[in-house]
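Each chain, letter by letter, is given below.
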Amino acid sequence: MALAESIGSDLLTDAIADGTGLTWGRGAGRNNAPTPDSGPFNGRSGEAFLFAALYRATEKPHWASAARGALDAVYRGLSNDPEYPRALANRINFGLSGLGGVIYVLVRMAQFLDDPVWLALAHRAAEVIDAERVEEDGLYDVIWGSAGALLGLLALARASGGELREQTLERAQRCARHLIDHRIADPETGLRAWGILSSEPSASFAHGASGMAHALLSLHRSTPDPQLYAAAREAFAFERTLYDEARGNWRDTRAPDDTLPNMWSWCHGAPGIALARLAWLDSVVDEDQHRLAGDLKLALRATAMARIPGVDQICCGVWGRIDILLEAGRRIDNPSLVRQARKLAQQRLERIDERGLTLNPIDDVEAHKTPGFWQGVGGTAYALLRLAQPDRFPCVLAMD
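In this report, we go over the structure that sits alongside the text. (Residues numbered from 1 in each chain as written. Predicted model: local features only at pLDDT ≥ 70, side-chain atom pairs only at ≥ 80, totals over all residues. Heavy atoms only, no water.)

A few words on the overall build of the protein chain. Within the protein chain, the regular secondary structure consists of 17 helices and six strands. Relative to a compact globule of 400 residues, whose C-alpha radius of gyration would be 21 Å, the protein chain shows 20 Å and is just as compact. Considered along the principal axes of its C-alpha atoms, the protein chain spans approximately 55 × 50 × 40 Å. Scored against the burial criterion, the 400 residues of the protein chain give a buried share of 58%. Looking at the protein chain as shown, the accessible area adds up to about 15600 Å², and 48% of this sits on carbon and sulfur atoms. Positive and negative side-chain charges in the protein chain, numbering 42 and 51 respectively, have mean positions lying 3 Å apart. (Helix = DSSP H or I, 4+ residues; strand = E, 2+ residues; numbered from the N terminus. Rg over C-alpha atoms; globule rule 2.2 N^0.38 Å. Buried < 20%, exposed > 50% of the residue type's maximum accessible area, 1.4 Å probe, protein only. Areas by Shrake-Rupley, 256 points an atom, 1.4 Å probe, with all protein chains shown as cover. Lys, Arg positive; Asp, Glu negative; His and termini not counted. Charge placed at Lys NZ, Arg CZ, Asp CG, Glu CD.)

Within the secondary structure layout, L169 lies in helix α10 (residues 162-181). With 50 residues separating them in the primary sequence, L169 and L219 have C-alpha atoms 8.3 Å apart. In contact with L169, other than residues within four places in its own chain, are L154, A157, L219, S222 and T223. (Contact = heavy atoms within 4.5 Å.)

Bringing the pattern of salt bridges into the picture now. Counted according to the given criterion, the structure contains 24 salt bridges. Here E5 and K60 are joined by a salt bridge, their closest N and O atoms 3.1 Å apart. Residue E5 is located in helix α1 (residues 2-14), and its partner K60 is located in the loop between α2 (45-58) and α3 (61-70); the two are separated by 55 residues in the primary sequence. Classification of E5 as buried rests on a relative accessible area of 17%. A salt bridge links D295 to R277; the nearest nitrogen and oxygen atoms lie 3.1 Å apart. With a gap of 18 residues between them, D295 in helix α14 (residues 289-305) and R277 in helix α13 (residues 270-280) connect regions that are remote in the sequence. Comparing D295 with R277 shows no difference in burial state: the two are buried. Several salt bridges converge on common partners, so that one network encompasses R221, D282, D323, E327, R331 and R386. (Salt bridge = Lys/Arg side-chain N within 4 Å of Asp/Glu carboxyl O.)

This next bit is on α13. Burial analysis of α13 places 11 of its 11 residues in the buried class, the great majority of the element. Considering only its buried residues, α13 is in contact with α11 (209-222), α12 (226-240), β6 (249-250), α14 and α15 (318-331).

Take the environment of E135 next. On the secondary structure map, E135 appears in helix α8 (residues 131-135). C-alpha of E135 to C-alpha of S146: the two residues are 11 residues apart in sequence and 9.4 Å apart in space. With residues near it in sequence (within four places) discarded, E135 still touches H178 and H182.

Quick look at the layout of surface pockets now. Roughly 280 Å³ of volume is contained in the second largest pocket. Together, 15 residues line the second largest pocket, and R30, N93, F94, L139 and W144 are the ones closest to its centre. Of the residues belonging to the lining of the second largest pocket, the class tally is six nonpolar, five polar and four charged. (1 Å grid on protein atoms, 1.4 Å probe; cavity = no way out; pocket = protein on both sides within 12 Å on 5 of 7 lines; lining within 4 Å. Points joined across faces, edges and corners; volume = space filled by probe spheres on them. Nonpolar A, V, L, I, M, F, W, Y, C, P; charged D, E, K, R; others polar.)

The relative placement of two packed helices is expressed as an angle between their axes plus a distance between the axes. The interhelical angle for the contact between helix α6 (residues 99-112) and helix α9 (residues 146-158), taken along N-to-C directions, is 20°, at an axis separation of 7 Å. Considering their axes alone, α6 and α9 lie roughly parallel with respect to each other. As α6 runs across α9, the sense of the crossing is left-handed. Contacts between α6 and α9 involve G100, I103, Y104, V107 and R108 from the former and G148, A149, G152, L153, A155, L156 and R158 from the latter. (Axes fitted to C-alpha atoms, helices over the stretch in contact; angles between N-to-C directions. Parallel < 35°, antiparallel > 145°, perpendicular 65-115°, else oblique. Left-handed = near helix turned anticlockwise from the far one by under 90°.)

Not every positive phi belongs to a glycine, and N32 is a case in point at roughly 60°. When its relative accessible area of 41% is taken as the criterion, N32 is described as partly exposed. For E59, which is not glycine, the phi dihedral falls at a positive 60°. Mapped onto the fold, E59 is located in the loop between α2 and α3. A relative accessible area of 60% means that E59 is categorised as exposed.

Following this line, the structure appears as structure tokens:
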């Protein structure tokens, strides 16, 4: 808790008040163009999310004020300008790094700050997710595309009731149909999944089959549909063909010559694959139980035992690993996994005491692309909050 608050205080000290609320001078929209507001991956909505969580954890009023300050421009735009939602959607991506992520943060602001006005604003933002908006998405994945938008809409549906819930679920179903309709076949096996960063389907949470299957299965929990289950099942079957027993990890198809270094992270590799299989727990039919158990065992073993990444972040670094072990332990009632998460966290905290936080060195990159919540200190602080008070905070890596 002390380190989480310290990180939050440093972020608040670094903030710039520029007339549009608090800003950190970054935010990446479509085609990586700079934009003042984007999703929590690297936009200031990520800081808003952290500050709201710190308020929920501590009840210190300045955190609530900081959260509102970071989303002030979005609040005023959605409250006062009928054209703002569409203009915002035209500037930013569709998934976690864009509109889906903004909707998710607005839902959590309503809950963490106990203020329903943010939920009303989330519904206003969701109104622009229409058939035309979904159809133009050609990226599909959690970070940029329909899978991330679907997960943001599901968070909104779970927080809503009546007609608003049904309308939101209809939008989520539209995203799901788009995902199912735009699968491609693996040239070797014929199994269908999604190819984003290569011409072939890939296995990962951020850009590959695991993340998109996770989105479909999350919707299946709310609106059971055999097509959703079948598509996720096929995607997992494809990923199974990429498991490399010698490495204890899943092959990364972004490089056809297999030259990319192995990653054991939320974005690529075993931890994200484990996280996606946890979404299957609530849906799995008897005939698939052994497949789920096998996938989950391999993925969790690799998550716990593989080399430790050298960076303190939740996307590509150690805190994503810690958070997924914590979530798995809680979801499958396995105290050993929770202990492993806490042991790894303790080791990392001791290292931070000695050397400070370590983030990816990024040189010669425009300011709006530099690390934010996912690849910066904000996500690390939230992972610490989850370790301290796991019952109070959802798993943001799953967009739960």
